[in-house]
Number of protein chains: 8
Amino acid sequence: MELAPLVAVVMGSDSDLKTLQPGIKILKEFGIEVETRILSAHRTPLEMIDFAKKAELNGFHVVIAGAGGAAHLPGMIASITSIPVIGVPIQSQALSGVDSMHSILQMPPGIPVATVAIGGGLNAGLLAAKILSLSNKSIKNKLSQYSQSLHNQVRNKDTKLNQIGSDSYLKEMNIK
Amino acid sequence: MELAPLVAVVMGSDSDLKTLQPGIKILKEFGIEVETRILSAHRTPLEMIDFAKKAELNGFHVVIAGAGGAAHLPGMIASITSIPVIGVPIQSQALSGVDSMHSILQMPPGIPVATVAIGGGLNAGLLAAKILSLSNKSIKNKLSQYSQSLHNQVRNKDTKLNQIGSDSYLKEMNIK
Amino acid sequence: MELAPLVAVVMGSDSDLKTLQPGIKILKEFGIEVETRILSAHRTPLEMIDFAKKAELNGFHVVIAGAGGAAHLPGMIASITSIPVIGVPIQSQALSGVDSMHSILQMPPGIPVATVAIGGGLNAGLLAAKILSLSNKSIKNKLSQYSQSLHNQVRNKDTKLNQIGSDSYLKEMNIK
Amino acid sequence: MELAPLVAVVMGSDSDLKTLQPGIKILKEFGIEVETRILSAHRTPLEMIDFAKKAELNGFHVVIAGAGGAAHLPGMIASITSIPVIGVPIQSQALSGVDSMHSILQMPPGIPVATVAIGGGLNAGLLAAKILSLSNKSIKNKLSQYSQSLHNQVRNKDTKLNQIGSDSYLKEMNIK
Amino acid sequence: MELAPLVAVVMGSDSDLKTLQPGIKILKEFGIEVETRILSAHRTPLEMIDFAKKAELNGFHVVIAGAGGAAHLPGMIASITSIPVIGVPIQSQALSGVDSMHSILQMPPGIPVATVAIGGGLNAGLLAAKILSLSNKSIKNKLSQYSQSLHNQVRNKDTKLNQIGSDSYLKEMNIK
Amino acid sequence: MELAPLVAVVMGSDSDLKTLQPGIKILKEFGIEVETRILSAHRTPLEMIDFAKKAELNGFHVVIAGAGGAAHLPGMIASITSIPVIGVPIQSQALSGVDSMHSILQMPPGIPVATVAIGGGLNAGLLAAKILSLSNKSIKNKLSQYSQSLHNQVRNKDTKLNQIGSDSYLKEMNIK
Amino acid sequence: MELAPLVAVVMGSDSDLKTLQPGIKILKEFGIEVETRILSAHRTPLEMIDFAKKAELNGFHVVIAGAGGAAHLPGMIASITSIPVIGVPIQSQALSGVDSMHSILQMPPGIPVATVAIGGGLNAGLLAAKILSLSNKSIKNKLSQYSQSLHNQVRNKDTKLNQIGSDSYLKEMNIK
Amino acid sequence: MELAPLVAVVMGSDSDLKTLQPGIKILKEFGIEVETRILSAHRTPLEMIDFAKKAELNGFHVVIAGAGGAAHLPGMIASITSIPVIGVPIQSQALSGVDSMHSILQMPPGIPVATVAIGGGLNAGLLAAKILSLSNKSIKNKLSQYSQSLHNQVRNKDTKLNQIGSDSYLKEMNIK
């Protein structure tokens, strides 16, 4: 029997939800159960720690954590739980996410956070799916179909560009 | 029966080996079979692609890829294989790894690379182990012991600092 | 007889087309045949490699490749084909093209990419024309006329500024 | 009666001690009791939280926290305790402390960390003393004497430079 | 009897007021008397120095100073007064506050400025309150209530997100 | 008799005029004759060089040169003429003027360019006036009046803020 | 008959020679005649311009120009000559070549410089060879052999790593 | 009769002297009287202000001010004196002078500082000489001779490189 995959998507603020939503959506499309939580490393630190302590026991296999600025949420959860933590640097106002990126990526030796691009909510979901797919054929198939659809989209656009030329293509893009 | 975990550690140049070695070592200590490869996205692109195409069939569950500068290796492997790819930005000469970090981390939607800190070879190994531990109790135990040993080291240093004070502590550090 | 010049303009996504269009247009104005392709290093890696392998055989003399973020397209094509590759870093959302610039420019010793400014689609086209003009007098003449027209535009603006003064000049600019 | 001032100087790793020592030393010179702790946000998170929870009860008035890289220690302590937390970004290897600076400084609204310069261990100590001096005349006097001595050092150097000239001054500096 | 807390909020330009206002407001809500001043280190340097010289005598316990660009105001006040100075880097036009951050944070050994995040007006107010709370129970209580309210806000949002799910939550956010 | 002051304000493109206009205006207000030129280091290099060669003979005492991106104009003029050159980095699209700043400021030993802030057209005019004022009392008086007016503006705003308070002040700002 | 290829390698200072030498060497190995010049955009501007004006007449097909800091040399030559110019940003002291990179890469629309990596002297040579190879079979063959040798070096190192393992490989590297 | 030129070279710390010495030396070689002062904006603020207030009365025509980190010295002097101020950003430890550059260059509208490159002590001296040369023929002649000598040095190196070739030239450089 395959493992029952379960992903927790946590965020420091509800303003991060918009960035993480594409990842939540893709996981659900892949049939993966997702739990979403607003847990601030700074405003609800003890709840955050409690969540991290129980994450494995509660059946989670992967945690996706998004945060901006001095983004401590992913690293703190990773310091407590033993399951893989994926960090999503949220684009911040003054520094455009460079601060979030440094705070999430530059973890010290011993406590890794699997960091994705600034604003990379979708990729966080896909990375979680890739990890879960190692022991779940259904997810592997979904991922394969997803890759194929990305591939086909590019192929179709390429075909269209060759057919109508760059001038017409641009005009159509501007209309949309 | 548990899955036979297997990690490929690939690098763009043998000068990257020093950075990746702590990750290779920890994986071996955890009893995880590791294959090391020098595969340059730029100098041996077809071999690199061939490796990526067959990675899953060859039994790998996770790829760790380290590269510096315009570090294309992790992203290109991730674009071909369906298994998780962990990227290690190698500290570069002029830009100190900022270029490597951008090239590995800022992947487009659809193709995630699980990026660790600049020079984060050890964390790449630990992240691979965390992923494999989802379906392997032995690795989970090893990780737990490893965390505990990190924890104990800090506790011991903390105790010592309180006992001898910062002046003496610094003197001892300088002697070592 | 002169060489039949031919330039391929490839991009990772159709959203890059707007940036590359001025280069496509200038090449066509110079009478140089252009082929435009959407080829994603990450979403259609095998098609991209296939394109690069056959680029020379297919008669291309120069490839212009635009990409944003972890912009692997120019470097990967350059690693496979022997013809010159011009890279155009596309302005990205969070990092404004600094990531694209690093990923394209910081290629390792052995595999050069001729990089132009962030968003420099026009200059990519002109650089391709300059390269082709080495063995094509017609293109050389077109380039010379183009330079002269740039030169004249500045001269005319300079004359006008002196005639009407900065106050009036600014007012006219705001009206347009 | 004045308050009994007490400062906790905590660090994520004993390698941070060298940076913090000037602050520890100046506090002791001012007659302020200091407790030094090695508490890693990532390796001993629960001890760190326990420390923060009890900091006020244990009689601390100010916490100085130094950390490097994804430096979560100052912000996490500040999220739990109500006493002022001073953060010291430690100069890191690849990013020279820019990562530490972002992780400590860019705290979200609601949870301030009083951040000093990268490597600013001495200033952290002085800032703690300034805060304590608000209700302690002895510390205020010590600070005043310290400022005066800094002032005098510069004055003396200025006098000397005027007396011997820049050539001789530089030669003496090189000898030392 | 407790100390009569008093905070001066100074700014280099009235365009900084918008950033500092949340800090002014929270201080007033906590019952702390605030004086606001526009004092430019560059346009009214002597008034600025005069203010700094008399700050302590005039009964201020903490100065909050906001400035943008070559933001000299916080550091210059800190060089003259002995009371703690909190610096607020204002987001600037071309460099988005990175210049302000460097100018305020990177003070030399001997003269600390307690720096908060770029645009961190609210946190400057809270940090001032934290400092004043060391000798004022009423402020300590207000801070505690404030923390609790932040905590509750996050808890309520977390509860709501779990109840209605991320799709509905996002829709509601967009409506507001 | 005093020197007849004359300033040349040159720019690489007429899109730079908006940034330089405040400097042109202030110079004219000070009674300083200004000549404005559009001279591109890249599109009209020979005219630019010709201008620089004759600048002194033509009676100019100071050149203000504004340019953006790979902003070569100020440095190239400074390499040819012996009169002082003031450089104005124009805010650029992708890099917000960081490229302009580096290209203008980082001149090699031997050929200085007096660089002002990104977008600092007004300060360029004032710096030119300061230089000319060394041998012109009228300009010195104008500068003194200008400083006084800046000073008074801040004083008046400070007075007003104290009178009406920050709430009302902000409301008035928003109305304007 | 094939074109007689000829490359000029110019530099702003003889301190840049070390960076450019690998490119000079590879061009000579490919049988391409190279002329090396020290021509400072700032110290010998008129000679630099004279060189650029006559470059094509003197039979050059490509110019490689290396410069550091406010690196104007490549862009200024490109603004005058019609042949392709390859720019090499030299690693600078304070900014590690970021200033050189911006000054060379960020050329305005109309005047492209084919920029290679910071310190990329070898790649500049190879890019020049690639351009010349478009009309020269001998160079094309040399490039092909060179690529093959790079490829073989990586293959051999990969084989060796697999044979002796990472521990032994690292030991051997340290001995060398 | 010409004006008696006089330059003040002030620095925030005697560690800045090494950077400023080339400027002091060149001014003396040009026969310009120089006064050197150590005046810290932060440690001796009142002396610094006193110096600035009297600078013009004391006969100075130009002030060169060097400072590192949160380098307030040049801007503060410029805010008080009406004579031109040249700022020299000193290379700092953690941020390599980027902080110094921002603090000196990014002055607000109304108070210009003529900024030179990071570490640009020599260029500060030359810029001062250029300014003074506007009303002093002797200095103008000295500057002209200096430019000529720079020019000749490059010409001689260029000649030598052509004579002995890059291999021999590099060998000679390494011996020296």
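Look up: the structure comes first, before these words.
A quick note: this is a predicted structure, and the numbers were derived from the prediction, not measured.

## Remarks on the overall build of chain A
Argument step 1. The number of helices and strands found in chain A is 6 helices and 5 strands.
Argument step 2. The order of helices and strands in chain A, counted from the N terminus, is β-α-β-α-β-α-β-α-β-α-α.
Argument step 3. Each principal axis of the C-alpha atoms in chain A carries an extent, and together these give about 60 × 50 × 30 Å.
Argument step 4. In chain A, buried positions account for 65% of the 176 residues.
Argument step 5. Considering only contacts in chain A between residues 6 or more positions apart, those separated by 24 or more positions represent 66%.
Argument step 6. On chain A, roughly 6200 Å² of surface is accessible, and the fraction owed to carbon and sulfur atoms is 50%.
Argument step 7. In chain A, the 16 positive side-chain charges and the 13 negative ones have mean positions that sit 6 Å from each other.

## What to know about the arrangement of the chains
Argument step 1. In this view chain C stays clear of chain E, with the nearest C-alpha atoms of the two still 13 Å from each other.
Argument step 2. In this assembly chain B lies apart from chain F, the nearest approach of their C-alpha atoms being 16 Å.

## Focus: the interface of chain C and chain G
Argument step 1. The partner chain G presents 36 residues to the 36 residues of chain C that form the contact.
Argument step 2. Between chain C and chain G the total buried area reaches about 2900 Å² when both faces are included, carbon and sulfur atoms providing 65% of it.
Argument step 3. Counting across the interface, chain C meets chain G through 2 salt bridges.
Argument step 4. Close ionic contact of Lys 140 of chain G with Glu 56 of chain C constitutes a salt bridge, the shortest N to O distance being 2.6 Å.
Argument step 5. Those elements that provide at least two residues to the side of chain C that touches chain G are helix 4 (98-105), strand 5 (114-115), helix 5 (121-133) and helix 6 (137-175) of chain C.

## Let's talk about the pattern of salt bridges
Argument step 1. Under the counting rule described, the total for this entry stands at 48 salt bridges over all chains.
Argument step 2. A salt bridge links Arg 155 of chain G to Glu 47 of chain B; the nearest nitrogen and oxygen atoms lie 2.7 Å apart. Residue Arg 155 of chain G is found in helix 6 (residues 137-175), and its partner Glu 47 of chain B is found in helix 2 (residues 45-54); the two belong to separate chains.
Argument step 3. Overall, Glu 47 of chain B belongs to the buried group, its relative accessible area being 17%.

## Considering the relation of the copies chain A and chain B
Argument step 1. At an RMSD of 0.0 Å, chain A and chain B line up after a rotation of 180° and a shift of 0.0 Å along the axis. The relationship between the two copies is best expressed as a two-fold rotation axis.
Argument step 2. Interface residue correspondence from chain A to chain B reaches 100%, placing this contact among same-surface, isologous pairings.

## Topic: the interface of chain A and chain B
Argument step 1. Counting residues at the interface gives 36 residues for chain A and 36 residues for chain B.
Argument step 2. For the pair chain A and chain B, the two sides together bury roughly 2900 Å², of which 65% comes from carbon and sulfur.
Argument step 3. Per-residue buried area on chain A facing chain B is highest for Pro 112, Lys 130 and Leu 134 of chain A; these three make up 22% of the total on that side.
Argument step 4. In this structure, the connection of chain A to chain B is made through 2 salt bridges.
Argument step 5. Connecting chain A to chain B are 17 residue pairs in polar contact (both at pLDDT 80 or more).
Argument step 6. Contributions of two or more residues to the side of chain A that touches chain B are made by helix 4 (98-105), strand 5 (114-115), helix 5 (121-133) and helix 6 (137-175) of chain A.
Argument step 7. The element best represented in the side of chain A that touches chain B is helix 5 of chain A, accounting for 6 residues.
Argument step 8. A per-class count over the side of chain A that touches chain B returns 24 nonpolar, 9 polar and 3 charged.

## Regarding the relation of the copies chain C and chain G
Argument step 1. Between the two copies, chain C and chain G, the superposition gives an RMSD of 0.0 Å; the rotation angle is 180° and the shift along the axis is 0.0 Å.
Argument step 2. Mapped onto chain G, 100% of the interface residues of chain C again fall at the interface, so both copies present the same surface.

## Section: the pairing of strand 3 (residues 62-68) of chain D
Each regular strand carries side chains that alternate between the two faces of the sheet.
All names here are of chain D.
Argument step 1. Strand 3 sits mainly inside the fold: 6 of its 7 residues count as buried.
Argument step 2. Pairing of strand 1 (residues 6-11) with strand 3 involves 5 bridges; the strand directions are parallel. Bridging from a neighbouring strand, Val 9 pairs with Ile 64 of strand 3.
Argument step 3. Here 6 bridges tie strand 3 to strand 4 (residues 85-90), and the two strands are oriented parallel to one another. From the neighbouring strand, Gly 68 faces strand 4, where its bridge partner is Ile 90.

## Let's talk about the side chain of Thr 115 of chain B
Argument step 1. Its place among the elements puts Thr 115 of chain B in strand 5 (residues 114-115).
Argument step 2. Look at Thr 115 of chain B and you get buried, because its relative accessible area is 0%.
Argument step 3. In this structure, Thr 115 of chain B is in contact with Leu 105, Val 113, Ala 114 and Thr 115 of chain A together with Gly 87, Pro 89, Ile 104 and Leu 105 of chain B, ignoring residues within four places of it in sequence.

## Points about unusual backbone geometry
Argument step 1. Unlike most non-glycine residues, Ser 96 of chain D shows phi in positive territory, near 55°.
Argument step 2. You can see Ser 96 of chain D is positioned in the loop between strand 4 and helix 4 (98-105).

## Some thoughts on helix 1 (residues 17-29) of chain C
Residue and element names in this part refer to chain C.
Argument step 1. In a regular helix each residue adds 1.5 Å, so 13 residues correspond to 18 Å; helix 1 covers 18 Å between its end C-alpha atoms and thus fits that length.
Argument step 2. If you check which residues of helix 1 are buried, you get Leu 17, Leu 20, Gln 21, Gly 23, Ile 24, Ile 26 and Leu 27.
Argument step 3. Directly beyond the C-terminal end of helix 1, a positive phi value near 80° is found at Gly 31.

## Observations concerning the side chain of His 72 of chain D
Argument step 1. Tracing the sequence through the fold places His 72 of chain D in the loop between strand 3 and helix 3 (73-80).
Argument step 2. Among the residues examined, His 72 of chain D registers a relative accessible area of 1% and is labelled buried.
Argument step 3. If sequence neighbours within four positions are ignored, His 72 of chain D has contacts with Ala 71, His 72, Gly 75, Met 76, Ser 103 and Met 107 of chain A together with Ala 41 and His 42 of chain D.

Rules behind the numbers
- Within any chain, residue numbers begin from 1 and follow the written order of that chain's sequence.
- Ligands are numbered from 1 and chains lettered from A, in the order in which they are written.
- Local features are withheld for residues below a pLDDT of 70 in this predicted model, meaning they are given only at 70 or higher, and side-chain atom pairs are given and counted only at 80 or more; totals for whole chains, interfaces and linings count all residues.
- Values reported for side chains reflect all heavy atoms of the structure, with hydrogen atoms and water molecules removed beforehand.
- Where helices and strands are cited, they refer to DSSP runs of H or I of at least four residues and of E of at least two residues respectively, numbered from the N terminus.
- Exposure classes here rest on a 1.4 Å probe applied to the protein chains alone. A residue is buried below 20% of its type maximum, exposed above 50%, and partly exposed in between.
- The contact criterion used throughout is that any non-hydrogen atoms of two residues lie within 4.5 Å.
- All accessibility values rest on the Shrake-Rupley procedure with a 1.4 Å probe; residue burial counts only the protein chains present in the view.
- The charged-residue count follows a simple rule in which Lys and Arg add positive charge and Asp and Glu add negative charge, with His and chain termini not counted at all.
- By convention, the point assigned to a charge is CZ for Arg, NZ for Lys, CD for Glu and CG for Asp.
- Defined here as a combined quantity, buried area equals the accessible surface (1.4 Å probe) lost by two parts on assembly, summed across both.
- We count a salt bridge whenever a side-chain nitrogen from Lys or Arg sits within 4 Å of a carboxyl oxygen from Asp or Glu.
- Residues reaching a pLDDT of at least 70 in both copies supply the C-alpha atoms on which the copies are superposed by least squares.
- Two N or O atoms count as a polar contact when they lie within 3.5 Å, although within protein this holds only if one can serve as hydrogen donor and the other as acceptor, and sequence-adjacent residues are included solely when both atoms are side-chain atoms.
- Note on residue categories: nonpolar means Ala, Val, Leu, Ile, Met, Phe, Trp, Tyr, Cys or Pro, charged means Asp, Glu, Lys or Arg, and polar means any other residue, Gly included.
- Strand pairing requires that DSSP identify at least two bridges connecting the strands.
- Helix span, as expected, comes to 1.5 Å for every residue beyond the first.

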